[in-house]
Amino acid sequence: MADPLHTISATLRNAFATVTGLPAEGIDPVVRPSDRADAQVNGALALAKQVGRNPREVADAVVATGALAAVCSAVEVAGPGFINLTFTEAFLAEQLTATAGDARLGVRPAAVAERVIVDYSAPNVAKEMHVGHLRSTVIGDSIVRLLQFVGHEVVRENHIGDWGTPFGMLIEHLLDLGDSAAIDMSDPNPFYQAARAKFDTDDDFKSRARDRVVALQSGDPATLAIWQRLVDNSAEYFDIVYRQLGVLLTHADLMGESAYHDKLAGVVEQLAAKGLLEQSEGADVVFVPGYTNRDGDPLPLIVQKGHGGFNYATSDLACVIDRVDRLGATMLVYVVGSPQAQHLAMVFKVAEMAGWLAPPAHAVHVGFGSVLGADRKMYKTRSGENVKLQALLDEGVQRAAAAVAEKNPEMPADEQAAVGRMVGIGAIKYADLSTDRIKDYAFDWDRMLAFEGNTAPYLQYAHARICSIFRRAGVERAPVRATAVSLAEPQERALALALLQFDAVVHDTVEKFAPHRLCTYLFDLAQAFTGFYEACPVLKDGYEATRESRLALCDLTARTLQQGLALLGIDAPERM
Ligand code: ARG
């Protein structure tokens, strides 16, 4: 175990058990990093209360067991019963060597490996993929990588909007345009609008479109073939964006609304059989306790419209059943914008009421805020249109490539282009991931591409700088990992403590589905490295005695930055 806080937790659990007589398994010693010392133990407060004793006295007794003496150079009881710990250099050095020798950099697997479905990205066929879908894609991608890294089995599902009544008019319009027609998916609005306009003004078209919906729903092969063309056309475009973004999603992850189409009638039947279905304003609905509309009236989840059509909610219910029953998922993660919070909460609730979502299976809505422009309004182009994703990504890459070329004029052009891609895409992703996802964030090229501050380029640059130290020294990286590290300087010690927090931070990030926590950590780590590098010469003449040890700290820092960025879906170039 490389995380000192984790190692210490086990020791403390036993010490608290001895002192309080409580069973060790149920004890959480609550160990946290601290500004006053290396770590602070807060467990005495709650545990003393449980056994009706004074917390300071319990803390004193824990210290008196001597359990911490082997790993701490100072132990101090403070305030109402906190225990402040300062670790010995030997203990930290030993944990560092163990971390450096571990391909996972000390990150423990999750206690229980679950099968997790992550529902993310989910753009709509024949409609523009907007910045909201970009957020879902980027956040979802990071969450998938994090869950996998801690040992969960992840199934990615891209629940695209590929079914419903508008497909009648879209198919008819495509047919009118001829056999080889396709939607320009980088700008699908004109296609959609033209279909809509015909539907609204041309009665013949309107009735053809209506017949077409019926044909689609009844599985008419010719109609399905044209529908498939529309879906393929869109999926091809989604793929271009996914490849450009460098996310894990592929064609195989498509699991759109259409995939549940033949299960919808069964959903409604089961709800009726369970006595949950009610009639409201001509529709079949389920009233969900605790939900009311603006007037305070009970709010229903509509599962079947009056004329027989099913709803978005119905396919989400079918989804829950499929994910739990067929895929055996115990955790269902929905990376969907916050405006859909109520919809999802009601779907989860109905699934629970119907017994489809029962412990250990549970669902989590990982919501997120909007992308705003510099004016703090919804992000739009200057002319007020929706931002085209491909163009947006291209612009990020171009801007980054220009900055890379300026900083590295001697770098070969193809490498400049490759690094530009990593920096540009990394900057866009990091800007999205580094603020608490619940908040809105402002899209700002200059800020996200800056080489200073909490940005991807800053972290990528810190990583590349360490790689260049090894290149200059002509030293292989792997062999330094066995070095026993010395931590005599305060900056070395601070860097060591930061490196050893990686395990705790990764788990905290996964548990809260909060990539910004990992970002904050990586930024702090990069700053701790800068502090170290300024104060502690690595390759300078006269510092031969500490060279190996400092190179070992450099190597572990670079690997932690690289692994941390990888968990965010961001590449770390070796030079930039
Ligand atoms: N297609 C939807 C949209 O663009 C998002 C779907 C989210 N996933 C879900 N299972 N409802 O808003």
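Please refer to the structure placed before this passage.
Residues numbered from 1 in each chain as written. Predicted model: local features only at pLDDT ≥ 70, side-chain atom pairs only at ≥ 80, totals over all residues. Heavy atoms only, no water.

Q: Please clarify how the overall build of the protein should be interpreted in this entry.
A: Helix and strand content of the protein: 20 helices and 13 strands. Its C-alpha atoms give the protein principal-axis dimensions of about 85 × 70 × 40 Å. Long-range contacts, defined here as pairs at least 24 residues apart, represent 72% of the contacts in the protein between residues at least 6 apart. For the protein, the exposed area adds up to about 25100 Å²; of that, 51% sits on carbon and sulfur atoms. (Helix = DSSP H or I, 4+ residues; strand = E, 2+ residues; numbered from the N terminus. Contact = heavy atoms within 4.5 Å. Areas by Shrake-Rupley, 256 points an atom, 1.4 Å probe, with all protein chains shown as cover.)

Q: Just to check I follow, could you spell out the sheet that holds strand β7 (residues 278-280) for this structure?
A: Sheet strands associate in pairs through backbone hydrogen bonding, adopting either a parallel or an antiparallel arrangement. What the 3 strands build is an open sheet, ordered β7-β8-β9; its pairing is antiparallel. Edge positions in the sheet fall to β7 and β9 (298-304), since each of these pairs with one other strand and no more. Pairs of neighbouring strands in the sheet enclose a mean axial angle of 60 degrees, with direction left out of account. Along the sheet, helix α12 (residues 341-353) makes contact with β8 (283-292) and β9, crossing β8 at roughly 105 degrees. (Pairing = 2+ DSSP bridges. Axes fitted to C-alpha atoms, helices over the stretch in contact; angles between N-to-C directions.)

Q: Honestly, the nonpolar core in this entry has me stumped. Any pointers?
A: Looking at soluble globular proteins, one finds that nonpolar side chains tend to be buried together. F16 and F87 are the most contacted members of the largest nonpolar core, which totals 152 residues. Looking at which element gives the most residues to this core, the answer is helix α19 (residues 515-535), with 10 residues. Apart from residues lying up to four places away in sequence, F16 is in contact with G21, I27, P29, V41, G43, A44, L47, V58, V62 and I83. One finds L264, V267, A318 and A354 within the second-largest nonpolar core, a separate group that totals 35 residues. (Core = buried A, V, L, I, M, F, W, Y, C linked by side-chain atoms within 4.5 Å. Buried < 20%, exposed > 50% of the residue type's maximum accessible area, 1.4 Å probe, protein only.)

Q: Whenever I open this one, the site of the ligand confuses me. Can you help?
A: Neighbouring residues of the ligand: D119, A122, N124, H133, H159, Y312, D316, Y334, V336 and Q340. One of the side-chain N or O atoms of N124 is found 2.8 Å from a nitrogen atom in the ligand. In the environment of the ligand, an oxygen atom lies 3.0 Å from a nitrogen or oxygen atom belonging to the side chain of Q340. Of the residues belonging to the shell around the ligand, the class tally is 4 nonpolar, 4 polar and 2 charged. (Near = heavy atom within 4 Å. Polar contact = N/O pair within 3.5 Å; in protein donor to acceptor, adjacent residues only side chain to side chain. Nonpolar A, V, L, I, M, F, W, Y, C, P; charged D, E, K, R; others polar.)

Q: Honestly, the side chain of H516 in this entry has me stumped. Any pointers?
A: Counting through the fold element by element, H516 comes out in helix α19. Those residues within four positions of H516 in sequence are excluded, and the remaining contacts are L433, S434, T435 and D436.

Q: What is the right way to look at the packing of aromatic side chains in this model?
A: Ring pairs (aromatic) are described by centroid distance and by the angle formed between their planes. Enumeration according to the criterion identifies 11 aromatic pairs in this entry. Between F529 and F532 the ring centres are 5.6 Å apart and the planes differ by 50 degrees, which places this aromatic pair in the tilted class. Placement of both F529 and F532 in helix α19 is noted, with a separation of 3 residues, approximately one turn of the helix. Across the pair, exposure class does not vary: F529 and F532 are buried alike. Considering the side-chain rings of F529 and Y533, the 5.6 Å spacing of their centres and the 15 degrees angle between planes classify their relative orientation as stacked. Placement of both F529 and Y533 in helix α19 is noted, with a separation of 4 residues, approximately one turn of the helix. Overall, the relative accessible area of 25% leaves Y533 in the partly exposed class. Counting every residue linked through ring pairs, the aromatic cluster contains Y379, F443 and W445. (Phe/Tyr/Trp six-rings, centres within 6.5 Å; stacked < 30°, edge-to-face > 60°.)

Q: Help me understand the state of the cysteines, please; the structure alone is not making it clear to me.
A: One way to say it: the disulfide is the covalent bond shared by the sulfur atoms of two cysteines. Applying the stated criterion across every chain, the model contains 0 disulfides. Take C536: it sits in no disulfide, and the sulfur closest to it among the cysteines is that of C554, at 9.7 Å. Classification of C536 as buried rests on a relative accessible area of 0%. (Disulfide = S-S within 2.5 Å.)

Q: Would you mind showing me how to read the sheet that holds strand β11 (residues 362-366) here?
A: Taken in spatial order, the 4 strands of this open sheet run β6-β5-β10-β11, and their pairing is parallel. Strands at the two margins of the open sheet, each flanked by one partner only, are β6 (153-157) and β11. Direction aside, the axes of adjacent strands within the sheet are offset by 20 degrees on average. Pairing of strand β10 (residues 331-335) with β11, which is carried by 5 bridges, proceeds in the parallel orientation. Looking at the pairing, V335 lines up with V366 of β11. Sitting on the sheet, helix α5 (residues 131-149) touches β5 (115-119), β6, β10 and β11, and the angle it makes with β6 is about 160 degrees. Contacts from α12 reach β10 and β11 within the one sheet, and its direction differs from that of β11 by about 180 degrees.

Q: Please clarify how unusual backbone geometry should be interpreted in this entry.
A: With the exception of glycine, most residues fall at negative phi, and the peptide bonds are largely trans. Looking along the chain, the bond that leaves P359 and enters P360 is cis, with omega of 5 degrees. Here P360 is to be found in the loop between α12 and β11. We note that L105 has phi near 55 degrees; this positive angle belongs to a residue other than glycine. In this fold, L105 is placed in the loop between α4 (89-100) and β5. Overall, the relative accessible area of 4% leaves L105 in the buried class. In the Ramachandran plot, S121 falls in the positive-phi region, its phi being about 75 degrees despite a non-glycine side chain. Along the chain, S121 turns up in the loop between β5 and α5.

Q: Please explain the packing of helix α6 (residues 166-177) against helix α9 (residues 221-245) as it appears in this structure.
A: Between two packed helices, what matters for the description is the angle formed by their axes and the separation of those axes. Packing of α6 against α9 leaves a shortest axis separation of 10 Å and a crossing angle of 90 degrees. By the angle between their axes, α6 is roughly perpendicular relative to α9. In this structure, α6 uses F167, L170, I171, L174 and L175 to contact α9, whose residues at the interface are T223, I226, W227, R229 and L230. Among the residues forming the contact of α6 with α9, the class breakdown is 8 nonpolar, 1 polar and 1 charged. (Parallel < 35°, antiparallel > 145°, perpendicular 65-115°, else oblique.)

Q: I would appreciate a short explanation of the packing of helix α8 (residues 203-217) against α9 in the present structure.
A: Running from N to C, α8 and α9 point in directions that differ by 95 degrees, and their axes come no closer than 8 Å. When the interaxial angle is binned, α8 and α9 end up roughly perpendicular. Along its contact with α8, which presents R212, A215 and L216, the element α9 presents T223, L224 and W227. Partitioning the contact of α8 with α9 into residue classes produces 4 nonpolar, 1 polar and 1 charged.

Q: Could you clarify how one ought to interpret the pattern of salt bridges in this entry?
A: Under the definition given, this model contains 29 salt bridges. With a closest N to O distance of 2.8 Å, R481 and D555 form a salt bridge. You can see R481 sitting in the loop between α16 (456-473) and α17 (490-499) and its partner D555 sitting in helix α20 (residues 544-567), a full 74 residues away along the chain. Residue R481 is classed as partly exposed on the basis of its relative accessible area, which comes to 24%. Relative accessible area serves as the criterion here: at 0%, D555 is assigned to the buried category. Several salt bridges converge on common partners, so that one network encompasses E172, D176, K198, D204, R208 and R212. (Salt bridge = Lys/Arg side-chain N within 4 Å of Asp/Glu carboxyl O.)

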